[in-house]
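Read off the chains here:
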Amino acid sequence: MFKVLVSAWALFLGMALLMVGNGMQGTLLGVRGELEGFSTFQMSLIMSAYFLGFLGGSRLAPEMIRRVGHIRVFAALASFISAVLILYPTITDAGAWVLLRVFIGFCFSGVYVTAESWLNNSVTNERRGQALSVYMIVQMLGILTAQALLTLGDPSGFILFVVPSVLVSMSFAPILLSVTPTPAFATTKPMSLARLYTSSPLGCVGMFLMGGVYASQFGMASVYATQIGFSVSQVATFVAAIYGGGLLLQYPIGWLSDRLDRRLMILGASAIGGIACFLGFFSDPSLTLLCTAGFILGGMANPLYALLIAYTNDYLEAEDMSAASGGLLFINGLGAVAGPLITGALISWLGPMGFWVFLAGLMLALAVYAAYRMTRRASPDREEYGQYVAIMPSSTLVAMDAAQEWLQEQAEEEDDEE
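Calculation criteria
Residues numbered from 1 in each chain as written. Predicted model: local features only at pLDDT ≥ 70, side-chain atom pairs only at ≥ 80, totals over all residues. Heavy atoms only, no water. Phe/Tyr/Trp six-rings, centres within 6.5 Å; stacked < 30°, edge-to-face > 60°. Helix = DSSP H or I, 4+ residues; strand = E, 2+ residues; numbered from the N terminus. Lys NZ or Arg CZ within 6 Å of the ring centre and 35° of its normal. Expected span 1.5 Å × (residues − 1). Contact = heavy atoms within 4.5 Å. Polar contact = N/O pair within 3.5 Å; in protein donor to acceptor, adjacent residues only side chain to side chain. Salt bridge = Lys/Arg side-chain N within 4 Å of Asp/Glu carboxyl O. Buried < 20%, exposed > 50% of the residue type's maximum accessible area, 1.4 Å probe, protein only. Axes fitted to C-alpha atoms, helices over the stretch in contact; angles between N-to-C directions. Parallel < 35°, antiparallel > 145°, perpendicular 65-115°, else oblique. 1 Å grid on protein atoms, 1.4 Å probe; cavity = no way out; pocket = protein on both sides within 12 Å on 5 of 7 lines; lining within 4 Å. Points joined across faces, edges and corners; volume = space filled by probe spheres on them. Nonpolar A, V, L, I, M, F, W, Y, C, P; charged D, E, K, R; others polar.

Visitor: Could you give me a rundown of the packing of aromatic side chains, with the residues and numbers involved?
Guide: The final tally for this structure, using the stated rule, is 22 aromatic pairs. Between Phe-38 and Trp-97 the ring centres are 5.1 Å apart and the planes differ by 90°, which places this aromatic pair in the edge-to-face class. With Phe-38 in the loop between helix H2 (9–35) and helix H3 (40–68) and Trp-97 in helix H5 (residues 94–122), the pair connects residues that are 59 residues apart, well separated along the chain. Note on Tyr-50 and Phe-51: the rings are 5.2 Å apart at their centroids and 85° apart in plane angle, and the pair reads as edge-to-face. Ring pairs connect the aromatic residues Tyr-50, Phe-51, Phe-54, Phe-108, Tyr-112, Tyr-214 and Phe-218, which therefore count as one cluster. We note Arg-377 situated over the ring of Tyr-315; from NZ or CZ to the ring centre the distance is 3.6 Å.

Visitor: Break down helix H11 (residues 262–281) for me, citing the residues and quoting the values.
Guide: In this model, H11 (20 residues) spans 29 Å end to end at C-alpha, consistent with the 28 Å of a helix rising 1.5 Å per residue. Buried positions along H11 lie against helix H9 (201–227), helix H10 (232–257), helix H12 (287–313) and helix H14 (354–374). The backbone nitrogen of Arg-263 lies 2.9 Å from a side-chain oxygen of the residue at the head of H11, namely Asp-261.

Visitor: Talk me through the pattern of salt bridges; I want residue IDs and the actual numbers.
Guide: Applying the stated rule across the entire model yields three salt bridges. Between Glu-36 and Arg-32 there is a salt bridge, and its shortest N-O distance comes to 2.8 Å. Note that Arg-262 and Asp-314 form a salt bridge whose closest N and O atoms lie 2.8 Å from each other. Linking Arg-262 in helix H11 with Asp-314 in the loop between H12 and helix H13 (321–350), this pair joins segments that are 52 residues apart in sequence.

Visitor: Account for helix H7 (residues 159–176), naming residues and giving values.
Guide: Taking 1.5 Å as the rise per residue, H7 with 18 residues should run 26 Å; its terminal C-alpha atoms sit 27 Å apart, in good agreement. Among all positions in H7, only Leu-160, Phe-161, Pro-164, Ser-165, Leu-167, Val-168, Ser-171, Phe-172, Pro-174 and Ile-175 are buried.

Visitor: Summarise the side chain of Ser-270; cite the residues concerned and give the values.
Guide: Tracing the sequence through the fold places Ser-270 in helix H11. By relative accessible area, Ser-270 is classed as buried at 0%. Side-chain polar atoms of Ser-270 contact the backbone nitrogen of Ala-367, separated by 3.3 Å. With near-sequence residues (within four places) excluded, Ser-270 lies in contact with Leu-304, Met-363, Leu-364, Leu-366 and Ala-367.

Visitor: A description of the packing of H3 against helix H4 (residues 70–87) should follow, citing residues and the corresponding values.
Guide: H4 packs onto H3 with a crossing angle of 125° between their chain directions and a minimal axis gap of 7 Å. Taken as axis vectors, H3 and H4 run oblique relative to one another. Taken together, the residues of H4 that come into contact with H3 (itself represented by Met-64, Ile-65 and Val-68) are His-70, Arg-72, Val-73 and Leu-77.

Visitor: Outline empty space enclosed by the protein, listing residues and values.
Guide: Throughout the structure, instances matching the rule amount to seven cavities of 30 Å³ or more. One number sums up the size of the largest cavity: a volume of about 190 Å³. Phe-51, Phe-54, Tyr-214, Pro-393 and Ser-394 are, among the 19 residues lining the largest cavity, the residues nearest its centre. Sorting the residues of the lining of the largest cavity by element identifies H2, H3, H9 and H13 as the ones contributing at least two each. When residues of the lining of the largest cavity are assigned to their parent elements, the largest contribution, five residues, is made by H3. Across the lining of the largest cavity, the residue classes tally to 12 nonpolar, seven polar and no charged.

As structure tokens, then:
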């Protein structure tokens, strides 16, 4: 892993700064929106808009890169991100924030596509799995660092918007000044959704549900925490607990998933996450108990993303794994766009606790569906399992393709040995 860090340190440093910027704006807007008097419905639109832009960017960014190259796309989109972060406090209008969030979601998606293709090109296939693990850890640490920085300023002022803008601007330097050559860019033609669903109904349904869970965590957790009266530092602590759980429990769950029936792991993780939501529902306003619930929820929900990908791969031929990435990402994106909207509607109807009701509903629905699917067909032989690769829900098609390519070559090597 040390060799991976040495070979791509500039990229990891740049991505860490970008994730700090993204993590700050995601939480900060929830707090600032409450101070500006935005309604829950308006905040749900604002939070959903990011994922709409992200979904669009994941589709359009590859063509932009083919036309003008990685360097121009990365520099241009990162510059736009920096500018948008400054615009939020100067245009305190809900409609304008919706448009800015669509735009910044598009830009972040394009930046991630560019950076991930560079990462994929900078390591050999033998180290690609390690590189993706480091990339996931860097993303999570960036978001956690962002929550700590939120406690250093006043959310009603400008400084907390200036800091992420500066960090995003600084992120270009290590990447663009790196001597790493610009990679060739190519993506795999996606598998049809119908074929993908036939191959893995649980994988498709699970990815849709987890899109809603992740988007609600990322977009609406700060809205919920603000509405129950938390201070900025308490909001940041609560959000950090969610991502801390995702970071610390990612690898234990992945290790177990390579050794147990993955459907049982999906059922267990989603059920535990759903139960944690009930803890959150009845813990208001205890910060300790809410952080405990958030830690367990994040620790179950974030690894489920990679677990569902690994499970889907178990039912695919090695040569089809990369083609399945696009469909899984699209399904997850649809769930992500819908997640904040439904969460906002439930909060408006039930009060802040609607946040936990929504998350509990999705997690328990996945548990029930996993149990149902266990009655419909047998699990593949454990010897045929592909390896679990840690991937964040915020990763793009490039990272998923890289993981699938690595898994495909691992499978081919195992077949050759046999």
